[in-house]
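Report on the structure
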Amino acid sequence: MVNKKVLIIGGGVIGLGIGWQLAKSGATVTIYDRAEAGRAASWAAAGMLAPLAEAHNEEPELLKLGCQSLERYPQWVRELEADAEMSVGYRAEGTLIVGLEPDDTHQLRHLHTSQQDLGLDVEWLTGGTAREIEPALSPRVTAAIRCATDHQVDNRLMVKALQRSFQICGGVLHENSTIESIVIENGIATGVQTQGGFRAADTLILAAGCWSAQIEGLPDALRPPVRPVKGQMLAFQMEAGITVKNVIRTVRARYPMSVYLVPRTDDRLIVGATSEEMGFDTRLTGGGVFELLRGAWEAVPGIYELPLLETWTGLRPGSRDNAPILGKTPVENLIYATGHYRNGILLTPITAYEIAKLILTGETSETIAPFQLDRFLR
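Read on for a plain summary of the structure.

The next point concerns the overall build of the protein chain. In terms of helices and strands, the protein chain carries nine helices and 19 strands. Scaling as 2.2 N^0.38, a compact globule of 378 residues should have a C-alpha radius of gyration of about 21 Å, and the protein chain matches this with 21 Å. Along the first, second and third principal axes, the C-alpha atoms of the protein chain reach 65 × 40 × 40 Å.

Moving on: the sheet that holds strand β11 (residues 197-200). Taken together, the three strands give an open sheet; going across it, the order is β9-β10-β11, and neighbouring strands pair in antiparallel fashion. Two strands bound the open sheet, and with one partner strand each, they are β9 (179-185) and β11. Averaged over all pairs of adjacent strands, the angle between their axes in this sheet comes to 30°, without regard to strand direction. Of the strand pairs in this sheet, strand β10 (residues 188-194) and β11 are connected by four bridges, and their pairing is antiparallel. The residue of β11 that forms the bridge with Q193 is F198.

Let's shift gears to the pairing of β9. The sheet contact formed by β9 and β10 spans six bridges and is antiparallel. Its bridge partner being in β10, I184 is matched across the sheet by A189. Between β9 and β10, which pair antiparallel and follow one another directly, the connecting turn spans two residues, one of which, N186, has a positive phi of 55°.

Attention now goes to the environment of R91. As for its position among the elements, R91 is in the loop between α4 (73-84) and β4 (95-99). Each C-alpha atom, one on R91 and one on R249, is 16 Å from the other, the two residues being 158 residues apart in sequence.

Below, the discussion takes up helix α3 (residues 60-71). Spacing of three or four residues puts side chains on the same side of an α-helix, whose turn is 3.6 residues. For α3, built from twelve residues, the straight-helix expectation of 16 Å at 1.5 Å per residue is met to within 8% by its first-to-last C-alpha distance of 17 Å. Residues L62, L63, L65, G66, S69 and L70 constitute the buried set of α3. Along the long axis of α3, the arc covered by the buried residues comes to 165°, so they all point the same way. For α3, exposure combined with an orientation more than 90 degrees from the buried face picks out K64 and E71. Packed against the buried residues of α3 are β3 (48-49), α4, β18 (325-328) and α9 (348-361).

This part takes up the packing of aromatic side chains. What the rule picks out here adds up to four aromatic pairs. Geometrically, the ring pair formed by W76 and Y353 is edge-to-face, given 5.5 Å between the ring centres and 85° between the ring planes. Of this pair, W76 sits in helix α4 while Y353 sits in helix α9; the two residues are 277 residues apart in sequence, bridging distant segments of the chain. Judged by relative accessible area, which is 0%, W76 ranks as buried. Taken together, the aromatic side chains of W20, W76 and Y353 make up a single cluster linked through ring pairs.

Scanning the entire structure with this criterion turns up 22 salt bridges. Residue E277 is joined to R227 by a salt bridge in which the shortest nitrogen-to-oxygen separation is 2.9 Å. Here E277, found in the loop between β16 (268-272) and α8 (286-299), pairs with R227, found in strand β13 (residues 226-237); they are 50 residues apart in sequence, far enough to count as distant. Judged by its relative accessible area of 52%, E277 is exposed. In this structure, the salt-bridge partner of D281 is K230, at a minimum N-O distance of 3.8 Å. Of this pair, D281 sits in the loop between β16 and α8 while K230 sits in strand β13, placing them 51 residues apart in sequence.

Under the definition given, this model contains two cavities of 30 Å³ or more. By volume, the largest cavity is sized at about 40 Å³. Around the largest cavity, the lining residues are R252, Y255, M257, E291, R294, G295 and E298. Residue classes in the lining of the largest cavity are distributed as two nonpolar, one polar and four charged. Taken as a whole, the second largest cavity encloses approximately 30 Å³ of empty space. As for the second largest cavity, its lining consists of W43, A45, N155, R156, R264, R268, I270 and W312. Contributions of two or more residues to the lining of the second largest cavity are made by α7 (155-168) and β16. Of the residues assigned to the lining of the second largest cavity, the class counts are four nonpolar, one polar and three charged.

What counts and what doesn't
- Residues numbered from 1 in each chain as written.
- Predicted model: local features only at pLDDT ≥ 70, side-chain atom pairs only at ≥ 80, totals over all residues.
- Heavy atoms only, no water.
- Helix = DSSP H or I, 4+ residues; strand = E, 2+ residues; numbered from the N terminus.
- Rg over C-alpha atoms; globule rule 2.2 N^0.38 Å.
- Pairing = 2+ DSSP bridges.
- Axes fitted to C-alpha atoms, helices over the stretch in contact; angles between N-to-C directions.
- Expected span 1.5 Å × (residues − 1).
- Buried < 20%, exposed > 50% of the residue type's maximum accessible area, 1.4 Å probe, protein only.
- Arc of directions from axis to C-beta.
- Contact = heavy atoms within 4.5 Å.
- Phe/Tyr/Trp six-rings, centres within 6.5 Å; stacked < 30°, edge-to-face > 60°.
- Salt bridge = Lys/Arg side-chain N within 4 Å of Asp/Glu carboxyl O.
- 1 Å grid on protein atoms, 1.4 Å probe; cavity = no way out; pocket = protein on both sides within 12 Å on 5 of 7 lines; lining within 4 Å.
- Points joined across faces, edges and corners; volume = space filled by probe spheres on them.
- Nonpolar A, V, L, I, M, F, W, Y, C, P; charged D, E, K, R; others polar.

Below, the structure is given as structure tokens:
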């Protein structure tokens, strides 16, 4: 069963993670990426592992999946760091969600009540207590919610570690290699047409992020409903006296968007992110950067003094219901692992472990059963 020839379309953290797990199990795995592996949404992300902070009452299955993946993160990190022989910057300080004025506090209370209704392990803090934890917070902070179990990982280090581990385990990676089409014969996926010709495979995995719906050869009815959602982001260099240890998220009742600030072990401070339905447009805009700067400065005023290191955009793969599309399709031997939207980094371990198990055993686990493509076909 392990002597399978698997071909993965897409070399982000999802494709690399699945490929690494399968290659470790003895499968012959080849990944094709349209550009440089892991340099799209995986590289642009902030690396927050925050199922509690992003919990919504109307998405119980997604919350459960996120919490299950977070539980597996320590095991994932140990395994990945051992194989890659490098750190992935996993940090467990937690997340603070802060409000800056009375209207924000009201919204924060509503969020806290919702989290409690879901049985989540969260703690209400006064503004003063929040500043004791993070002295760089603005004196305007009125209240906060502490999500102690929401952690973070350095997604760019994880990309490098996954690529290294995948190749160490015998995986083959083709970068800057466009898949011209998926080849389906009599309802069975047999391989792909590449620029270099036909490549046969026992199993095909579509993990091409926001480009998944654009791959030729798929029947129209089975195209994954995945679209690009643009996010603009910034990075600062933290300096003595202006440092942050926890992930900080804002709740702003009167502004068009909230922001988050994510500290890195190398003293970078990531600030994100806009959420824009702009197709495949990856340009930075004055308005987007302004809103990020304003939101970050209001939460942590000292950011005004910090050097700005980098600005960038990424395209999240958003599905129709904001949840990933995982598992078997009506086409035999064609597996989907796409549409992770804002949770790609969080859901990488659960996706990699469960999709690898599906391919090696043929059985869909209860964990990913609610996320199959068929929910859009009913």
